[in-house]
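The chain contents come next:
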Amino acid sequence: MKVGSTFSFDIQLGYKTETFFEEDFTNKSKRWLIISDHKRISSVLNEQLIELGGVISVLSNDIAVSNWIDSLTEEVINSFDTIFILSKIGLLDGVSVVRNIRKINTDIPILFLCNQGEEYKYNYLVEEDNYINILSIPFFGRYLLNAIKKSLGLNTSLSVAVS
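So, here's what we can say about the structure.

Rules used throughout
Residues numbered from 1 in each chain as written. Predicted model: local features only at pLDDT ≥ 70, side-chain atom pairs only at ≥ 80, totals over all residues. Heavy atoms only, no water. Helix = DSSP H or I, 4+ residues; strand = E, 2+ residues; numbered from the N terminus. Buried < 20%, exposed > 50% of the residue type's maximum accessible area, 1.4 Å probe, protein only. Contact = heavy atoms within 4.5 Å. Core = buried A, V, L, I, M, F, W, Y, C linked by side-chain atoms within 4.5 Å. Pairing = 2+ DSSP bridges. Axes fitted to C-alpha atoms, helices over the stretch in contact; angles between N-to-C directions. Salt bridge = Lys/Arg side-chain N within 4 Å of Asp/Glu carboxyl O. Phe/Tyr/Trp six-rings, centres within 6.5 Å; stacked < 30°, edge-to-face > 60°. Arc of directions from axis to C-beta. Right-handed = clockwise from strand over helix to strand, strands pointing away.

**Let's talk about the overall build of the chain**
- Across its full length, the chain carries six helices and nine strands.
- Taking all 163 residues of the chain together, 40% fall into the buried category.
- For the chain, contacts bridging at least 24 residues in sequence account for 66% of all contacts bridging at least 6.

Spelled out as structure tokens, the structure:
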């Protein structure tokens, strides 16, 4: 005879969002690609990118990413302005995703997302490639916006209003 109970529950954690007012950057027709199987990271990125305007596409698992890589062409890559790549996507390594993209296109801006404290593991990517920036998780809106602007070669000064 078994004694006791098993409970299961979900906890939704809140986070602080920031609103940006960037006349020189918002409302432009940008196309963003998020390659991440981490739902929370994708959600935060999505919310921040919506404020910047444009179209957001997400590849949310390693199978989708593998299929995308298998069908990569210059035209597909050029349809995006910036690609966000998580350091680990299921069974895939984010660095291998970067390498596959770079075989076809050497200058699309890539923001490589890794856990805070792991940036040193990926510094060689930045040293090898002027169009890659590393962004550590967790990140806050102003850092995300600065990283996006830096990868696009835009002025990184910004004004922030916290809501």
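**Observations concerning the nonpolar core**
- Of all hydrophobic cores here, the largest spans 40 residues; its most connected members are Ile35, Trp68, Ile83, Phe84, Ile85 and Ile101.
- Beyond its immediate chain neighbours, meaning those up to four positions away, isoleucine 85 contacts Ile35, Gly94, Val97, Val98, Ile101, Ile110, Leu111, Phe112 and Leu113.

**Considering the environment of lysine 149**
- With respect to the helices, strands and loops of the structure, lysine 149 is situated in helix α6 (residues 141–151).
- Taking the C-alpha atoms as reference points, lysine 149 and proline 109, 40 residues apart in sequence, are found 10.0 Å from one another.

**Some remarks on the sheet that holds strand β8 (residues 132–137)**
- Taken in spatial order, the five strands of this open sheet run β3-β2-β4-β7-β8, and their pairing is parallel. At either margin of the open sheet sits one strand with a lone partner, and together these are β3 (55–59) and β8. Strand-to-strand twist across the sheet, computed as the mean angle between neighbouring axes with direction ignored, equals 20°.
- The sheet contact formed by strand β4 (residues 82–86) and strand β7 (residues 110–115) spans four bridges and is parallel.

**Quick look at the pattern of salt bridges**
- According to the stated counting rule, one finds three salt bridges in the structure shown.
- Salt-bridge contacts for aspartate 129 lead to arginine 102; the nearest nitrogen and oxygen are separated by 2.4 Å. With aspartate 129 in the loop between α5 (119–128) and β8 and arginine 102 in helix α4 (residues 94–104), this pair connects stretches of sequence that are 27 residues apart.
- The exposure class of aspartate 129 is buried, given its relative accessible area of 10%.
- Its relative accessible area of 13% is what places arginine 102 among the buried residues.

**Thoughts on the packing of aromatic side chains**
- Applying the stated criterion to the full structure yields two aromatic pairs.
- With a centroid separation of 6.3 Å and an interplanar angle of 50°, the aromatic rings of tryptophan 32 and phenylalanine 84 are classed as tilted. Separated by 52 residues along the polypeptide, tryptophan 32 in strand β2 (residues 31–35) and phenylalanine 84 in strand β4 bring together distant segments of the chain. Here tryptophan 32 and phenylalanine 84 have matching classes, each one buried.

**Some remarks on α4**
- When α4 is considered as a whole, its buried residues turn out to be Gly94, Val95, Val97, Val98, Ile101 and Arg102. Each buried residue of α4 sits inside an arc of 155° when the element is viewed along its axis, so together they form one side.

**Brief notes about the pairing of β4**
- Counting buried positions along β4 gives five out of five residues, so the element sits mostly inside the fold.
- Residues of β4 alternate between two faces, with Thr82, Phe84 and Leu86 on one and Ile83 and Ile85 on the opposite face, all of them buried.
- Bridge analysis of β2 against β4 gives four bridges, and the strand direction is parallel. Bridge pairing links isoleucine 35 to isoleucine 85 in β4.

**Details of the environment of aspartate 93**
- Assignment of secondary structure puts aspartate 93 in strand β6 (residues 92–93).
- C-alpha of aspartate 93 to C-alpha of aspartate 62: the two residues are 31 residues apart in sequence and 9.3 Å apart in space.

**Some points on the pairing of β3**
- Across five bridges, the pairing between β2 and β3 is parallel. Bridge assignment links tryptophan 32 to a residue of β3, and that residue is isoleucine 56.
- With helix α1 (residues 39–52) bridging β2 and its parallel neighbour β3, the resulting β-α-β unit is right-handed.

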